[in-house]
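Inside the fold
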Amino acid sequence: MPAEPTAADLDAAYVQRGAQLLACDGARRLAVETLLAERAMQDARISEAAKVRP
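Moving on: the overall build of the chain. The helix and strand inventory of the chain stands at one helix and zero strands. Taken over the C-alpha trace, the chain has a radius of gyration of 23 Å; the compact-globule value for 54 residues is 10 Å, which it surpasses by more than 25%. With the C-alpha coordinates aligned to their principal axes, the bounding extent of the chain is approximately 75 × 15 × 5 Å. Looking at the chain residue by residue over its 54 residues, the buried ones come to 0%. For the chain, the computed accessible surface area is about 5,000 Å², with 62% contributed by carbon and sulfur atoms. Taken as two groups, the 7 positive and 8 negative side-chain charges of the chain have centres that lie 16 Å from each other.

Looking now at the environment of Leu 21. Mapped onto the fold, Leu 21 is located in helix 1 (residues 7–52). Note on Leu 21: relative accessible area 47%, which makes it partly exposed. On a C-alpha basis, the gap between Leu 21 and Pro 2 in space is 23 Å, while along the polypeptide they are 19 residues apart.

Under the definition given, this model contains three salt bridges. Taking the shortest distance from any N to any O, the salt bridge between Arg 29 and Asp 25 comes out at 2.3 Å. Within this pair, Arg 29 and its partner Asp 25 are both found in helix 1, separated by four residues, close to a single helical turn. When the shortest N-O distance is used, the salt bridge between Glu 48 and Lys 51 registers 3.5 Å. Residue Glu 48 and its partner Lys 51 are both found in helix 1; the two are separated by three residues, about one turn of the helix. Lys 51 sits in the exposed class, given a relative accessible area of 64%. Bridged by salt links that share partners, the residues Asp 25, Arg 28 and Arg 29 form one connected network.

Parameters at a glance
Residues numbered from 1 in each chain as written. Predicted model: local features only at pLDDT ≥ 70, side-chain atom pairs only at ≥ 80, totals over all residues. Heavy atoms only, no water. Helix = DSSP H or I, 4+ residues; strand = E, 2+ residues; numbered from the N terminus. Rg over C-alpha atoms; globule rule 2.2 N^0.38 Å. Buried < 20%, exposed > 50% of the residue type's maximum accessible area, 1.4 Å probe, protein only. Areas by Shrake-Rupley, 256 points an atom, 1.4 Å probe, with all protein chains shown as cover. Lys, Arg positive; Asp, Glu negative; His and termini not counted. Charge placed at Lys NZ, Arg CZ, Asp CG, Glu CD. Salt bridge = Lys/Arg side-chain N within 4 Å of Asp/Glu carboxyl O.

What follows is the structure in structure tokens.
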């Protein structure tokens, strides 16, 4: 940022920061969805294995 930022400089910085927050939130959501899907698959596999045991 310049030593004496203008309103346009500040607006650009806020827009950039907003885009970074959206990207981070999207990545976090994807990570959580992946984790939940993995756990659901593990639970299903454990349930199936329990049914097979005598």
